[in-house]
Amino acid sequence: MFGPWTAFAQIAAAVPVTTGDAAPDAIKQREQELEATRAQQKNAAESEQKLKADIAAIGQDRSKLTAQLIDIAAQVRSVETKISDAEARLRPLDARELQVRSSLDSRRSEIVEVLAALQRVGRRSPPALLVRPDDALQSLRAAMLLGSVVPALRARAEKLAADLGELVALRKTIATERDQLAADRDNFRTDQTRLAALIDERQRQQSSIEKDMEAEGARALALSRQVDSLQGLIAKMEQDLNSAARAATTASLQGAPATLNGKPNLEALKDSARLSPAIAFASAKGLFALPVNGVKIREFGGSDGAGGLEKGISLATRAGAQVTTPCDGWVVYAGPFRSYGQLLILNAGGGYHVLIAGMERISVNIGQFVLTGEPVATMGSASQVASLLATNAGQPVLYVEFRKDGTPIDPGPWWAANEGEKVRG
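A. The overall build of the protein, seen in detail. In terms of helices and strands, the protein carries 10 helices and 13 strands. Of the contacts made within the protein by residues no fewer than 6 positions apart, 69% connect residues no fewer than 24 positions apart. Entry remark: accessible area of the protein is about 22100 Å², with carbon and sulfur atoms responsible for 53%.

B. View of the sheet that holds strand E11 (residues 375-378). One open sheet holds the 3 strands; their spatial order is E5-E11-E9, and the pairing between them is antiparallel. Two strands lie at the open edges of the sheet, namely strand E5 (322-324) and strand E9 (361-362), each paired on one side alone. Sheet topology note: the E5/E11 ladder contains 3 bridges and is antiparallel. Along E11, the bridge assignment pairs Thr324 with Pro375. Strands E5 and E11 of the sheet are contacted by helix H3 (residues 62-106), whose axis makes an angle of about 130° with E5.

C. Quick look at the side chain of Asp191. By the element assignment, Asp191 lies in helix H6 (residues 151-209). Here Asp191 sits buried without a salt bridge, and the closest side chain of opposite charge, Arg194, lies 6.7 Å off (N-O distance). Those residues within four positions of Asp191 in sequence are excluded, and the remaining contacts are Ile72, Gln75, Val76 and Val79.

D. Focus on the environment of Ile83. Structurally, Ile83 is set in helix H3. For Ile83, a relative accessible area of 3% puts it in the buried group. Sequence separation between Ile83 and Leu181 is 98 residues; the distance between their C-alpha atoms is 6.2 Å.

E. Molecular detail of the packing of helix H7 (residues 213-224) against helix H8 (residues 230-240). For the pair H7 and H8, interaxial distance at closest approach is 10 Å and the crossing angle is 140°. Here H8 runs oblique to H7, going by the angle between their axes. For the crossing formed where H7 meets H8, the hand is right-handed. From H7, Arg219, Ala220, Leu223 and Ser224 reach across to H8, where they touch Leu233, Lys236, Met237 and Asp240.

F. Molecular detail of the pairing of strand E4 (residues 313-317). For E4, the buried fraction is high: 5 of the 5 residues fall into the buried class. Along E4, one buried face is formed by Ile313, Leu315 and Thr317 and the opposite face, lined by Ser314 and Ala316, is buried too. Sheet topology note: the strand E3 (residues 294-298)/E4 ladder contains 4 bridges and is antiparallel. The partner of Arg298 across the bridge, within E4, is Ser314. Taken together, the 4 bridges between E4 and strand E12 (residues 397-404) define a ladder with antiparallel strand orientation. Bridge pairing links Leu315 to Leu398 in E12.

G. Just the side chain of Glu87, in detail. Checked against the element boundaries, Glu87 lands in helix H3. For Glu87, a relative accessible area of 19% puts it in the buried group. A polar atom in the side chain of Glu87 sits 2.7 Å from the side chain of Arg185.

H. Spotlight on the confidence of the model for the protein. Mean pLDDT over the protein works out to 77, with 72% of the residues at or above the 70 mark. This model gives residues 1-20 a pLDDT under 50, and the stretch forms 14 contacts once residues within four places in sequence are excluded.

I. A look at unusual backbone geometry. Even without glycine at this site, Arg338 takes up a positive phi of about 45°. With respect to the helices, strands and loops of the structure, Arg338 is situated in the loop between strand E6 (329-336) and strand E7 (342-349). Judged by its relative accessible area of 47%, Arg338 is partly exposed.

J. Representation of the packing of aromatic side chains in the model. On inspection of all chains with the given rule, the structure shows 11 aromatic pairs. Centre to centre, the rings of Tyr352 and Trp414 are 6.0 Å apart; their planes meet at 65°, and the pair counts as edge-to-face. Taken together, the residues Tyr352 in strand E8 (residues 352-359) and Trp414 in the segment after strand E13 (407-409) connect sequence positions 62 residues apart. Pair check on accessibility: Tyr352 and Trp414 agree, each one buried. Here a set of aromatic residues connected by ring pairs shows up, and it is made of Phe281, Phe288, Tyr352, Phe402, Trp414 and Trp415. Its guanidinium or amino end placed over the ring of Trp414, Lys285 lies 4.9 Å from that ring's centre, counting from NZ or CZ. Above the ring of Tyr352, the side-chain terminus of Lys404 is found at 5.2 Å from the ring centroid.

K. Fine view of H8. Where H8 is concerned, the buried positions are Leu230, Leu233, Ile234, Met237 and Glu238. The arc that holds the buried residues of H8, viewed along the axis, is 115°, so those residues lie on one side.

L. Structural detail: H7. If you check H7, its first and last C-alpha atoms are 16 Å apart, about what 12 residues at 1.5 Å a residue would give, namely 16 Å. Looking only at H7, the buried set comprises Met213, Glu216, Ala220, Leu223 and Ser224. Each buried residue of H7 sits inside an arc of 95° when the element is viewed along its axis, so together they form one side. Turned more than 90 degrees from where H7 packs its buried face, Glu214 and Ala215 sit exposed.

M. Inspection of the pattern of salt bridges at higher detail. In this structure the tally under the stated criterion is 14 salt bridges. Ionic pairing is found between Asp228 and Arg338, a salt bridge with its closest N-O pair at 3.1 Å. Here Arg338 lies in the loop between E6 and E7 and Asp228 lies in the loop between H7 and H8, a separation of 110 residues in the sequence. When the shortest N-O distance is used, the salt bridge between Glu401 and Arg403 registers 2.5 Å. Looking at Arg403, the relative accessible area reads 7%, which means it is buried. A cluster of three or more residues bridged by salt bridges with shared partners is formed by Glu87, Arg185 and Arg318.

Criteria and cut-off values
Residues numbered from 1 in each chain as written. Predicted model: local features only at pLDDT ≥ 70, side-chain atom pairs only at ≥ 80, totals over all residues. Heavy atoms only, no water. Helix = DSSP H or I, 4+ residues; strand = E, 2+ residues; numbered from the N terminus. Contact = heavy atoms within 4.5 Å. Areas by Shrake-Rupley, 256 points an atom, 1.4 Å probe, with all protein chains shown as cover. Pairing = 2+ DSSP bridges. Axes fitted to C-alpha atoms, helices over the stretch in contact; angles between N-to-C directions. Buried < 20%, exposed > 50% of the residue type's maximum accessible area, 1.4 Å probe, protein only. Lys, Arg positive; Asp, Glu negative; His and termini not counted. Salt bridge = Lys/Arg side-chain N within 4 Å of Asp/Glu carboxyl O. Parallel < 35°, antiparallel > 145°, perpendicular 65-115°, else oblique. Left-handed = near helix turned anticlockwise from the far one by under 90°. Polar contact = N/O pair within 3.5 Å; in protein donor to acceptor, adjacent residues only side chain to side chain. pLDDT = per-residue confidence, 0-100. Phe/Tyr/Trp six-rings, centres within 6.5 Å; stacked < 30°, edge-to-face > 60°. Lys NZ or Arg CZ within 6 Å of the ring centre and 35° of its normal. Arc of directions from axis to C-beta. Expected span 1.5 Å × (residues − 1).

Dropping the structure here:
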């Protein structure tokens, strides 16, 4: 981040230090930093109190809590996108600045020679060499106006002026981008804190409803060790585990959600108190948002690198990225499984299941009904899926698979083509 110490170091490197005012300036700098730290601590305490008050106001109203969760999760993912975009814009700018600076450094003797020549021609004292790019740039521009500058010297001066001008512009652009990036990261931390508190409250309320949740979780892990395949895991959970069996039974009894003029009724998504899918999975093609911000690195049907074909898609993500549900559904498994790392399985009704794997932490429990866009997990800092470790060891990867009646299907038709078409909870 472009912090005060970084800025100070850059200024100190560019401006000669004078002994007279050094100590007072350093003391003033530290006082300002201490004051800024106190202000941040005060703001953090006030934000925490407000957050506690907001959560207390929600109380036991599940629909309000869920609506808040979906809204804040959407904000977190939006800021994640802004941060990634800003970092992508900064990379070529930083590289170009380094390139221009290196070029100017390698031509330092030429700059001295040109400035000295311009000084003789213009009969004026030269500026302090390269104290700031602006100083040399202003001097060069002024000198070029002199009609007595010989063509060869003028050409060299123009080239140096162009490079210095580009360096000044680059620094301004980079400073603006870094300031915006810092603001986005501050907003991101605030939203993450609020989201974490809301998730904790959701799970606390869920725990009070499901008294035997811890025992169910332990039983789910024990059952998962008895099977080798994802299909076997789904069947085992929905047959042998009480909470998963109830969820599966509820899913099969719900029937198809109502439609509006033969099309999915998107207005039903606004009901955050719903306890069954607002849109039938089979009717939702072209409406789902990807569960995480990332870049597709493997597609359904492509080579899995081991002689087989991919049964789902893989998305390379940011470390700590927020994972949300692409659809409504009941959690029938949440925990580690074989080579998939942390695995989440949703029964979406109509014989459809959504499998999401590779997260570091899952924040929902077996038996819960979750809504479209609801936060359910977070990514770690490296790949958790064994099959992807060889090529993506340093980057977290989310694996997503859709199944119909136990068979993997191409999820492609379900993803929205652009932001405006995605369904929102």
